[in-house]
Structures are given as structure tokens and as C-alpha cells.
Amino acid sequence: MEERGRETTRRQQVADSLRRMLAVLNSGKPLEAILDHIMAEASAVLDAEAVAIYRLHEEEELLTIQTAQGLEPGYVAAARIPVGQSATGQAVRERRPVTLQDVAALSPDDDLPLDPQRRALLERLGTRYRALIAVPLAAEEVFGAITLYYQAPRTFSKEDVDLAVAFGDQAALAIRNAQLRAQVEQTAAASERRRLAHDLHDSVTQVLFSANLIAEVLPAIWQRNRAAGVNQDNWYLIQPRLAN
């Protein structure tokens, strides 16, 4: 009975979390705020001590941290993970969740190209966090990964992995929506620029037309009344012609 009660509470927590995320996704908030909310929800539901969202730089095949909670600022600033290396890089390369039950049980990856400072940060991260889940952020393309960190060794259930994937899907959706909004704004800006250019062209055309008309009318005015032709106050005499 107690186990069933915990299961019911857990499912309610997950359902509430998903509803809150959907509300945030539809709120129009900036991408960073949405990703921060997703990380907070993922950390609460999956009992993680830290979480990071890594962005993929395809041209360099590198992952950097876009936003994080609970990680050392030095690591967040310096993290550079080649695609295919470490659990996070492997998740992106293979487009599947990767779990590590105990980082301390792994042998060091001597092939990972790190300068001494970054290697020290990575070793310190491995000392503080012993287990993790890394999930790719993928929609039509791979945007990066979300990684959840745990201070103690941990065995992950299928439900844990499925939930991590669900949070990854929401983060990927948020990134994709932000890209689409940016494209719409760029298109709108380009359209506005074209409209302004068209208006400017029309204005220039009207000025040229007016100048030509003035050039045609001025000699006639000069012949009728030379004083009026040189008097700037009498330029209004040609306005009826301009209006036509």
C-alpha cells in the first residue's frame, strides 16, 4: 500500500511538471528562461543535484554549456566536450540516452584532448558528481544534450531514463521554437525593409516628378511675370499644377 502511494505521488508530480513545462513553452518567454525552467523541473522530478544543457557547435563538433544549475562556474565557462567523447558527447553522437552509474569506476579517458586547467576541472567534477544521465536534444536535428548529475553512485531505472528523455524533448522543442521565431522576425524585418525601400523609391520618384514639373512651369511664369519668377514667396503659384 505504501509503495502504491509513493507511485501515485510520483506520477502526479510528473504530470504536474509536464503541465508547467507546457505552460512555459507557450508563454513566449525568452529561451534562456524556458531552459532554466526545464532544468529546474528535471532536477526536481529526477532528484538530480545538478543539470546542464549543452549546445552543439556542428562546424567544430564541440559541445559547450549554454546554461546550467548546480555546476561549478569555472567548469561551466571552460567546458568543451568533443562529440563522441564522455557520456554527453556519446549521447549526441549516437542520439540515445547514456547513463553512468559510478564515474569513479571508469578509467580516465587519456585520449580526451584537454589542457591542464580543463582536465583539473573535469576531475573535480568527477569527484563531486559520481553518476549521470545524458540525453540528446533532438528534433529534426540534434541541438545538443541535457545532462543530469548525481553526487552518489546510482542505478537508473527505465522510468528515470524515459523521464530524462521527456525533459530533453521539451528542451529541444524550446530551442526549435526559438529558432522559428527568430526566422519569422527576420522575415518580417526583411519585409519591412523592402516596404521602406519601396516608399523611399516612391518619394524619390515624386520629388523628381515635381522637379521636372517645376522646370516646365517656371519658364512660363518667367515670361508672364519676371518678378514672380524670382520671388520665392510666389512658388505657391505652381502648387495647383503639382497637385494635378
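My aim in this report is to walk through the structure given alongside it, one point at a time. (Residues numbered from 1 in each chain as written. Predicted model: local features only at pLDDT ≥ 70, side-chain atom pairs only at ≥ 80, totals over all residues. Heavy atoms only, no water.)

**Overview of the pattern of salt bridges**
- Under the counting rule described, the total for this entry stands at seven salt bridges.
- Between Arg-19 and Asp-16 there is a salt bridge whose closest N-O contact spans 2.2 Å. Here Arg-19 pairs with Asp-16, and both are found in helix H1 (residues 2-25), just three residues apart, close to one helical turn.
- For Asp-16, a relative accessible area of 24% corresponds to the partly exposed category. (Salt bridge = Lys/Arg side-chain N within 4 Å of Asp/Glu carboxyl O. Helix = DSSP H or I, 4+ residues; strand = E, 2+ residues; numbered from the N terminus. Buried < 20%, exposed > 50% of the residue type's maximum accessible area, 1.4 Å probe, protein only.)

**Points about the nonpolar core**
- Leu-137, Leu-148 and Tyr-150 are the most contacted members of the largest nonpolar core, which totals 32 residues.
- Counting residues per element, the ones that place at least two in this core are H1, helix H2 (31-45), strand S1 (50-57), strand S5 (131-138), strand S6 (142-150) and helix H6 (158-224).
- The leading source of residues in this core is H6, at eight residues.
- With sequence-adjacent residues up to four places away left out, Leu-148 is seen in contact with Ala-42, Ser-43, Leu-46, Ala-48, Ala-50, Val-51, Ala-131, Leu-132, Ile-133 and Ala-164.
- The next biggest cluster of nonpolar side chains, apart from the first, holds 25 residues, and it includes Ala-50, Tyr-54, Leu-100 and Leu-121. (Core = buried A, V, L, I, M, F, W, Y, C linked by side-chain atoms within 4.5 Å. Contact = heavy atoms within 4.5 Å.)

**Quick look at the environment of Leu-25**
- Considering the arrangement of structural elements, one finds Leu-25 in helix H1.
- The class for Leu-25 is buried, based on a relative accessible area of 8%.
- Here the alpha-carbon distance between Leu-25 and Asn-177, two residues 152 residues apart in the chain, equals 8.7 Å.
- When residues no more than four places from it in sequence are discounted, the contact partners of Leu-25 are Ile-34, Gln-170, Leu-173 and Ala-174.

Keep in mind that these numbers describe shape and distance, not what the molecule does.
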